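Spelled out, the chains give:
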Amino acid sequence: QVQLVESGGGLVQAGGSLRLSCAASGRTFSSYAMGWFRQAPGKEREFVAAISWSGGSTYYADSVKGRFTISRDNAKNTVYLQMNSLKPEDTAVYYCAADLNAVVAGIPFDLTRTSYDYWGQGTQVTVSS
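Since this is a predicted model, take the numbers as computed values, not measurements.

What follows is about the pattern of salt bridges. Counting across every chain of the model gives 4 salt bridges. In this structure, Glu46 engages Arg38 in a salt bridge whose closest nitrogen and oxygen atoms are separated by 2.7 Å. One salt bridge in this structure joins Asp90 and Arg67, with 2.7 Å as the shortest N-O distance. Taken together, the residues span a long stretch of sequence, with Asp90 in the loop between strand E8 (78-83) and strand E9 (92-99) and Arg67 in the loop between strand E6 (58-60) and strand E7 (68-73) at a distance of 23 residues. Asp90 sits in the buried class, given a relative accessible area of 1%. The class of Arg67 is buried, set by a relative accessible area of 11%. Connected through shared salt-bridge partners, Arg38, Glu46, Arg67 and Asp90 make up one network.

Here it is in structure tokens:
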């Protein structure tokens, strides 16, 4: 079992920055990959970014590439999402998720929502224009 708790969401003006955090507990944090997803009202939950168990590999959705940075601190059992140059279209509930399957499969991480085993409760990010 893995428990995930996000924090750091809020209201920010376009062009501003936020840093989301996701604290994990349960299984050894450095043994699984992590991802960030988001869901806007009326839309499906979409992939944002992923990071391998070691932090050595990352991947981003095209919509956030160059603006968002995913990182992790295995000593603190925490994954982060630094969001810069925010746009109104980034408004959504942001979720972190744990991918326990990637290590078993020999890949750095998965990109599909259904591959993630555990999810946080989400944190709201609102970007005003």
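Here we take up unusual backbone geometry. A positive phi angle, close to 55 degrees, is found at Asn77, a residue other than glycine. Backbone geometry at Ser85 places phi at a positive 50 degrees, although glycine is not the residue there. Tracing the backbone shows Ser85 in the loop between E8 and E9. Among the residues examined, Ser85 registers a relative accessible area of 41% and is labelled partly exposed.

Summarising the element assignment, Asn84 is placed in the loop between E8 and E9. Distance in space between the C-alpha atoms of Asn84 and Ser129 is 15 Å, their sequence separation being 45 residues. Those residues in contact with Asn84 that sit more than four places away from it in its chain are Gly16, Ser17, Arg67 and Phe68. Within the structure, the side chain of Asn84 is placed 2.9 Å from the side chain of Ser17, a separation counted as a polar contact.

Sheet architecture is open: 4 strands sit in the order E1-E3-E8-E7, paired in antiparallel fashion. The sheet terminates laterally at strand E1 (2-7) and E7, the two strands that pair on one side only. Neighbouring strand axes in the sheet, compared pairwise and without regard to direction, differ in orientation by 15 degrees on average.

What counts, and at which threshold
Residues numbered from 1 in each chain as written. Predicted model: local features only at pLDDT ≥ 70, side-chain atom pairs only at ≥ 80, totals over all residues. Heavy atoms only, no water. Salt bridge = Lys/Arg side-chain N within 4 Å of Asp/Glu carboxyl O. Helix = DSSP H or I, 4+ residues; strand = E, 2+ residues; numbered from the N terminus. Buried < 20%, exposed > 50% of the residue type's maximum accessible area, 1.4 Å probe, protein only. Contact = heavy atoms within 4.5 Å. Polar contact = N/O pair within 3.5 Å; in protein donor to acceptor, adjacent residues only side chain to side chain. Pairing = 2+ DSSP bridges. Axes fitted to C-alpha atoms, helices over the stretch in contact; angles between N-to-C directions.

All quantities given are derived from atomic positions and should not be read as evidence of function.
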